[in-house]
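# Results of the structural survey
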Amino acid sequence: KVPHRRVFERITASGHAADPVMLDTPFGFQENAPILAASTTKYFSDSVSQNVEVAGLARTDTGDTAAVESAMTKIRDANWVFAGPGSPTFALRQWQRTDLRDVLAEAEATGRVQQGHVEAPTPIFGTHDHSHGHGHGPGHDAEDPDDDAG
């Protein structure tokens, strides 16, 4: 089975509908970010038969507080949140401007999401798996505008 399908099966087996949200921040600096978001949501629809909503948190440094709050509301309401592929360095710097860490910690503390591990090609938050990052920190994400060495 596709690893993500097992996650959704666990959620629905617990009596809840799956409400997944993808954090688009890791690739938010790329010109083709909307295409990457669409490709990822298509993968979930085609391969896992699950609709995934894009958070809309590609960038937090634009001054658009309404867009950031809208994205944070989607994340608060989700029961499975994962980060798309891209630059973890860029994403972490963007997320520092939000309360994302607290939102995910509260969701876990209240049992809305569970910590776990899935062998998957993307890092998963909400199941809080940080082991599958795409990028290697400073100096390795040459296209990352926030990368000090790039």
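Structural notes, computed from the coordinates. (Residues numbered from 1 in each chain as written. Predicted model: local features only at pLDDT ≥ 70, side-chain atom pairs only at ≥ 80, totals over all residues. Heavy atoms only, no water.)

### Concerning the packing of helix H1 (residues 3-13) against helix H2 (residues 33-48)
Relative orientation of the contacting elements H1 and H2 amounts to 75 degrees, with a least axis distance of 10 Å. Overall, the two elements H1 and H2 adopt an arrangement that is roughly perpendicular. Residues His-4, Arg-5 and Phe-8 of H1 form the contact with H2, whose own contacting residues are Tyr-43, Phe-44, Ser-47 and Val-48. Per-class residue counts for the contact of H1 with H2 are four nonpolar, two polar and one charged. (Axes fitted to C-alpha atoms, helices over the stretch in contact; angles between N-to-C directions. Helix = DSSP H or I, 4+ residues; strand = E, 2+ residues; numbered from the N terminus. Parallel < 35°, antiparallel > 145°, perpendicular 65-115°, else oblique. Contact = heavy atoms within 4.5 Å. Nonpolar A, V, L, I, M, F, W, Y, C, P; charged D, E, K, R; others polar.)

### Here's the deal with helix H3 (residues 65-77)
When the terminal C-alpha atoms of H3 are compared, their 18 Å separation across 13 residues agrees well with the 18 Å that a helix rising 1.5 Å per residue should span. Three or more residues of H3 are buried, namely Val-68, Ala-71, Met-72 and Ile-75. Buried residues along H3 cover an arc of 100 degrees about the axis, so they all sit on one side. Along H3, the residues that are exposed and aim more than 90 degrees away from the buried face are Ala-66 and Asp-77. Tucked into the core, H3 has its buried residues touching strand S1 (20-23), strand S3 (80-83) and helix H5 (100-109). (Expected span 1.5 Å × (residues − 1). Buried < 20%, exposed > 50% of the residue type's maximum accessible area, 1.4 Å probe, protein only. Arc of directions from axis to C-beta.)

### Examining the packing of aromatic side chains
In total, this model carries five aromatic pairs according to the counting rule given. When the centroid spacing of 5.0 Å and the interplanar angle of 65 degrees are considered together, the rings of Phe-29 and Phe-90 count as edge-to-face. Here Phe-90 lies in helix H4 (residues 88-95) and Phe-29 lies in the loop between S1 and H2, a separation of 61 residues in the sequence. Of the two residues, Phe-29 and Phe-90, neither departs from the other in class, the shared state being buried. (Phe/Tyr/Trp six-rings, centres within 6.5 Å; stacked < 30°, edge-to-face > 60°.)

### Thoughts on the nonpolar core
In terms of nonpolar packing, the biggest core is built from 16 residues, with Leu-23, Ala-55, Leu-57, Met-72, Ile-75, Trp-95 and Leu-100 touching the most fellow members. Mapped by element, the contributors of at least two residues to this core are S1, H3, S3, H4 and H5. Considering each element in turn, this core owes the most residues, four residues, to H3. Those residues within four positions of Met-72 in sequence are excluded, and the remaining contacts are Leu-57, Thr-98, Asp-99, Leu-100 and Val-103. (Core = buried A, V, L, I, M, F, W, Y, C linked by side-chain atoms within 4.5 Å.)

### Structural notes on unusual backbone geometry
Although it is not a glycine, Ser-49 sits at a positive phi angle of roughly 55 degrees. Positionally, Ser-49 belongs in the loop between H2 and strand S2 (53-54).

### Some remarks on the pairing of S1
Residue alternation in S1 divides its side chains into two sets, Pro-20 and Met-22 and Val-21 and Leu-23, and both sets are buried. Bridging between S1 and S3 involves four bridges; their strand directions are parallel. Across the sheet, Pro-20 pairs through a bridge with Trp-80, a residue of S3. As paired elements, S1 and S2 share two bridges and run parallel to each other. Paired with Met-22 across the two strands is Val-54, which belongs to S2. Taken together, S1, H2 and S2 constitute a β-α-β crossover, and its handedness is right-handed. (Pairing = 2+ DSSP bridges. Right-handed = clockwise from strand over helix to strand, strands pointing away.)

### A word on H1
Among the residues of H1, those classed as buried are His-4, Val-7, Phe-8 and Ile-11. Buried residues of H1, viewed axially, fall in a sector of 95 degrees; they line one side. At its buried positions, H1 is contacted by S1, H2 and S3. Once H1 ends, the next one or two residues include Gly-15, with phi positive near 90 degrees.

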